[in-house]
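An overview of the molecular structure
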Amino acid sequence: MMALGLLRARLYLWVMLPSSPASVKMVPYFAQHYEERVGVDTKRRVTVLLHRPAGAPIDERLSEALRDAFGIDDSSPRLSVVSNFSSALKVRALNAWIASLPKDAMAIYADLDEFFEYPPNTRRNVLGRMVERVGPNLTFPALRDFREGISIADQPFRQCRRKNSFTVERGATTLAAAASVS
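Every value quoted in this text rests on a predicted model; they were computed, and no experiment measured them.

Rules used in this analysis
Residues numbered from 1 in each chain as written. Predicted model: local features only at pLDDT ≥ 70, side-chain atom pairs only at ≥ 80, totals over all residues. Heavy atoms only, no water. Salt bridge = Lys/Arg side-chain N within 4 Å of Asp/Glu carboxyl O. Helix = DSSP H or I, 4+ residues; strand = E, 2+ residues; numbered from the N terminus. Core = buried A, V, L, I, M, F, W, Y, C linked by side-chain atoms within 4.5 Å. Buried < 20%, exposed > 50% of the residue type's maximum accessible area, 1.4 Å probe, protein only. Contact = heavy atoms within 4.5 Å. Patch = residues over 30% accessible without salt bridge, like charges linked within 9 Å, V, L, I, M, F, W, Y side chains within 5 Å. Areas by Shrake-Rupley, 256 points an atom, 1.4 Å probe, with all protein chains shown as cover. Lys, Arg positive; Asp, Glu negative; His and termini not counted. Charge placed at Lys NZ, Arg CZ, Asp CG, Glu CD. Arc of directions from axis to C-beta. Polar contact = N/O pair within 3.5 Å; in protein donor to acceptor, adjacent residues only side chain to side chain. 1 Å grid on protein atoms, 1.4 Å probe; cavity = no way out; pocket = protein on both sides within 12 Å on 5 of 7 lines; lining within 4 Å. Points joined across faces, edges and corners; volume = space filled by probe spheres on them. Nonpolar A, V, L, I, M, F, W, Y, C, P; charged D, E, K, R; others polar. Phe/Tyr/Trp six-rings, centres within 6.5 Å; stacked < 30°, edge-to-face > 60°. Expected span 1.5 Å × (residues − 1).

1. Observations concerning the pattern of salt bridges
With the rule as written, the count across this model stands at 3 salt bridges. A salt bridge links Arg-44 to Asp-41; its shortest N-O distance comes to 3.5 Å. Asp-111 is paired through a salt bridge with Lys-90; the nearest N and O atoms lie 2.8 Å apart. Within this pair, whereas Asp-111 is found in the loop between β4 (106-109) and β5 (114-117), its partner Lys-90 is found in helix α3 (residues 87-100), the two being separated by 21 residues in sequence.

Structural data, given as structure tokens:
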């Protein structure tokens, strides 16, 4: 059941991800989660900032994963590619994206390994749950292949509860009314 069904027409999702084999595996889980559990239209309302180091070849498997999950190809306006990563660059890109959204948009911005959940029919305040892709004792267990049909919830990752509201706090990744971050 999608938690934010009442807001579905206003939901937009932004994600920054590295060009890596781990991203190839994670993208389908991420898309499935935000489509089915949160209610984001992942084929039309996801924007990706891809970090691909200068000179690195295009990973065809990642291109295929982005196309299958988000309907994004290498020429899509919803895909930006950067060769150097910095927090300042991420904030600038995120703010530019937020500024491009409709005035009544609800923005979700999450790292590829963050799976936020919100209670059904949320309208204002949120007590959400986030699952981080970090295993027991701060290990990074291998992610099972999506095609094996094993839910990400059945894999050994830790969870934390986090109270969010529709305001953006410095450094927070959350559901927010479309407003710039610092």
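2. Comments concerning the nonpolar core
Leu-17, Val-27, Phe-30, Tyr-34, Val-48 and Phe-70 are the most contacted members of the largest nonpolar core, which has 31 residues in total. If you tally residues by element for this core, the top one is helix α1 (residues 21-38), at 8 residues. The residues contacting Leu-17, other than those within four sequence positions of it, are Ser-23, Val-27, Val-48, Leu-49, Leu-50, His-51, Leu-62, Leu-66 and Leu-112. Membership of the second largest hydrophobic core comes to 13 residues, among which are Trp-14, Leu-89, Leu-94 and Ala-107.

3. Things to note about a negative patch on the surface
Residues Glu-60, Glu-64, Asp-68, Asp-73 and Asp-74 make up a contiguous surface patch of negative charge. Relative to the helices and strands, Glu-64 is located in helix α2 (residues 60-70). Owing to a relative accessible area of 43%, Glu-64 belongs among the partly exposed residues under this scheme.

4. Concerning α2
By the burial criterion, the buried members of α2 are Leu-62, Ser-63, Ala-65, Leu-66, Ala-69 and Phe-70. Relative to the axis of α2, the buried residues are bounded by an arc of 160 degrees and lie together on one face. Elements in contact with the buried residues of α2: β1 (11-18), α1, β2 (46-51) and β3 (79-82). The backbone nitrogen of Arg-61 has a side-chain oxygen 2.8 Å away, supplied by the residue at the start of α2, namely Asp-59. Just downstream of α2, Gly-71 is the residue with a positive phi angle, here 70 degrees.

5. Some remarks on empty space enclosed by the protein
Inspection of every chain in the model, using the stated rule, returns 1 cavity of 30 Å³ or more. Here the largest cavity defines a volume of roughly 50 Å³. As for the largest cavity, its lining consists of Ser-19, Leu-50, Arg-52, Ile-58, Asp-59, Leu-62, Ser-63, Leu-66, Asp-74 and Leu-79. For the lining of the largest cavity, the leading source of residues is α2, giving 3 residues. In the lining of the largest cavity, the residues fall into 5 nonpolar, 2 polar and 3 charged.

6. Quick look at the packing of aromatic side chains
By the definition in use, this model includes 3 aromatic pairs. Taken together, a centroid distance of 4.7 Å and an interplanar angle of 50 degrees make the contact between Phe-30 and Tyr-34 tilted. Here Tyr-34 and Phe-30 lie together in helix α1, a separation of 4 residues that amounts to about one turn. The exposure classification of Phe-30 matches that of Tyr-34, with both residues buried. Here the aromatic residues Phe-30, Tyr-34, Phe-70 and Phe-115 are joined through ring pairs into a cluster of three or more.

7. What to know about α3
With 14 residues, α3 should reach 20 Å at 1.5 Å per residue; the first-to-last C-alpha distance of 20 Å fits that figure. Buried within α3 we find Leu-89, Leu-94, Asn-95, Trp-97 and Ile-98. The inward-facing, buried residues of α3 abut β1, β2, β3 and β4.

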